[in-house]
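Survey of secondary and tertiary structure
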Amino acid sequence: DGADDLALGARFYLARLAEFSAEPADPVLAAAGFRRLIAEHPDSPWAQAAIARLGILLLYTPAGPAEPAARMAAADQLLAAARQPLAVAELHLVMADAVFHHHLPDRLALPHLLAALQTGALDPTTRADVMVQVGEIARLAGEPAQAARYYQAFLAEYPRDARQYAVRQRLAGLGAAGPAP
C-alpha cells in the first residue's frame, strides 16, 4: 500500500479493472477503490482522475443510489474533492450528461456545463461542443440573452466549425446577430 506515484497509479488501475475487466464487472468494488484513493491521497493526479470515474459509477451503476436525483446528489458531493481544473470540468460534464440520461429537466444540465466552461480546462473541441450545448439549453429554457451570448462567442471562437450555419440560424431565430462570416 505505497504512496508513491507508481503505487497510486496501480490503485487507480485496480479500480478500473474492477470496473471493466472483472467477470462480472464489479462497479461497487471499483467505486470503493476510487473512494479510498480520493480520501487517502486527494492531491494526487491519480485521485483527481478518479473523481470523474467515481462520478460515472455513482450516476450510472449499482454503486450509486437508486433514484436519479440521489445519484446526482452523490456525484455533486465529489466536487468538494476536485482540486484540479480538469477534474472539476470532467465531473461537471459527466453530471450534465447524466441529466439527459436520467431524463431530468434539461435546465439542470446548464449549471454543470457553465461550470465546466469556467474552469478553462476544456480542449478546443469539447469547449466548442459545450458552448453550443449551453446556447441550445438556454434557448429551450427561455433564456434568449444567455443563448445569444454563447452562440455569438461560439461563432467568434470557431469560425471554421461546421455548425456555423446552424448556430447563425438559431441566433436569427432569437433576433440576434453574430459576427460577420
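Residues numbered from 1 in each chain as written. Predicted model: local features only at pLDDT ≥ 70, side-chain atom pairs only at ≥ 80, totals over all residues. Heavy atoms only, no water.

It is worth spelling out the overall build of the protein at this point. Within the protein, the secondary structure is distributed over 9 helices and 0 strands. When its C-alpha atoms are laid out on the principal axes, the protein stretches across 60 × 35 × 30 Å. In the protein, which comprises 181 residues, the share counted as buried stands at 43%. Within the protein, contacts between residues separated by at least 24 positions form 50% of all contacts whose residues are at least 6 apart in sequence. A total of about 9,400 Å² of accessible surface is found on the protein, and carbon and sulfur atoms cover 58% of it. Once the 15 positive and 19 negative side-chain charges of the protein are each reduced to a mean point, those two points are 7 Å apart. (Helix = DSSP H or I, 4+ residues; strand = E, 2+ residues; numbered from the N terminus. Buried < 20%, exposed > 50% of the residue type's maximum accessible area, 1.4 Å probe, protein only. Contact = heavy atoms within 4.5 Å. Areas by Shrake-Rupley, 256 points an atom, 1.4 Å probe, with all protein chains shown as cover. Lys, Arg positive; Asp, Glu negative; His and termini not counted. Charge placed at Lys NZ, Arg CZ, Asp CG, Glu CD.)

It is worth spelling out the nonpolar core at this point. Core analysis: the largest hydrophobic core is formed by 58 residues, its most contacted members being L113, V134 and F154. Per element, the largest residue contribution to this core is 10 residues, and it comes from helix 5 (residues 85-101). For L113, the residues in contact, after removing those within four places along its chain, are L93, A96, V130, Q133, V134 and I137. (Core = buried A, V, L, I, M, F, W, Y, C linked by side-chain atoms within 4.5 Å.)

Right, let's get into helix 2 (residues 27-40). Owing to its 3.6 residues per turn, the α-helix aligns residues three or four sequence positions apart on the same side. Compared with an ideal rise of 1.5 Å per residue, which puts 14 residues at 20 Å, helix 2 spans 20 Å between its outermost C-alpha atoms and is within 8% of the ideal. Of all the residues in helix 2, the buried ones are P27, A30, A31, F34, L37 and I38. For helix 2, the angular spread of buried residues about the axis comes to 130 degrees, placing them on one side. More than 90 degrees from the buried face of helix 2, the exposed residues found are L29 and A39. (Expected span 1.5 Å × (residues − 1). Arc of directions from axis to C-beta.)

Applying the stated criterion to the full structure yields 10 salt bridges. In this structure, R83 engages D43 in a salt bridge whose closest nitrogen and oxygen atoms are separated by 2.7 Å. Taken together, the positions of R83 in the loop between helix 4 (68-77) and helix 5 and D43 in the loop between helix 2 and helix 3 (45-60) put the pair 40 residues apart, joining distant regions of the chain. Measuring nitrogen to oxygen at the nearest pair gives 3.0 Å for the salt bridge that ties E136 to R139. With E136 and R139 both in helix 7 (residues 124-140) and 3 residues apart, the pair spans about one turn of that helix. One salt-bridge network, in which partners are shared between bridges, spans R11, R36 and E40. (Salt bridge = Lys/Arg side-chain N within 4 Å of Asp/Glu carboxyl O.)

Looking now at the environment of E19. Summarising the element assignment, E19 is placed in helix 1 (residues 5-20). Once the C-alpha coordinates of E19 and D97 are considered, the two residues, 78 residues apart in sequence, prove to be 19 Å apart. Not counting residues up to four positions away in its chain, the partners in contact with E19 are A25, D26, A30, F34, R53 and L57.

Here we come to the packing of aromatic side chains. By the definition in use, this model includes 5 aromatic pairs. The interplanar angle of 50 degrees and the centroid separation of 5.6 Å between the aromatic rings of F12 and F34 together place this pair among those described as tilted. Placement of F12 in helix 1 and of F34 in helix 2 is noted, with a sequence separation of 22 residues between them. Using a relative accessible area of 7% as the deciding quantity, one classes F12 as buried. (Phe/Tyr/Trp six-rings, centres within 6.5 Å; stacked < 30°, edge-to-face > 60°.)

When two helices pack together, their arrangement is captured by the angle between the axes and the distance separating the axes. The interhelical angle for the contact between helix 6 (residues 110-118) and helix 7, taken along N-to-C directions, is 145 degrees, at an axis separation of 10 Å. Relative to helix 7, the crossing made by helix 6 is left-handed. Touching L110, L113, L114 and L117 of helix 6 are R127, V130, M131, Q133, V134, I137 and A138, all from helix 7. Of the residues belonging to the contact of helix 6 with helix 7, the class tally is 9 nonpolar, 1 polar and 1 charged. (Axes fitted to C-alpha atoms, helices over the stretch in contact; angles between N-to-C directions. Left-handed = near helix turned anticlockwise from the far one by under 90°. Nonpolar A, V, L, I, M, F, W, Y, C, P; charged D, E, K, R; others polar.)

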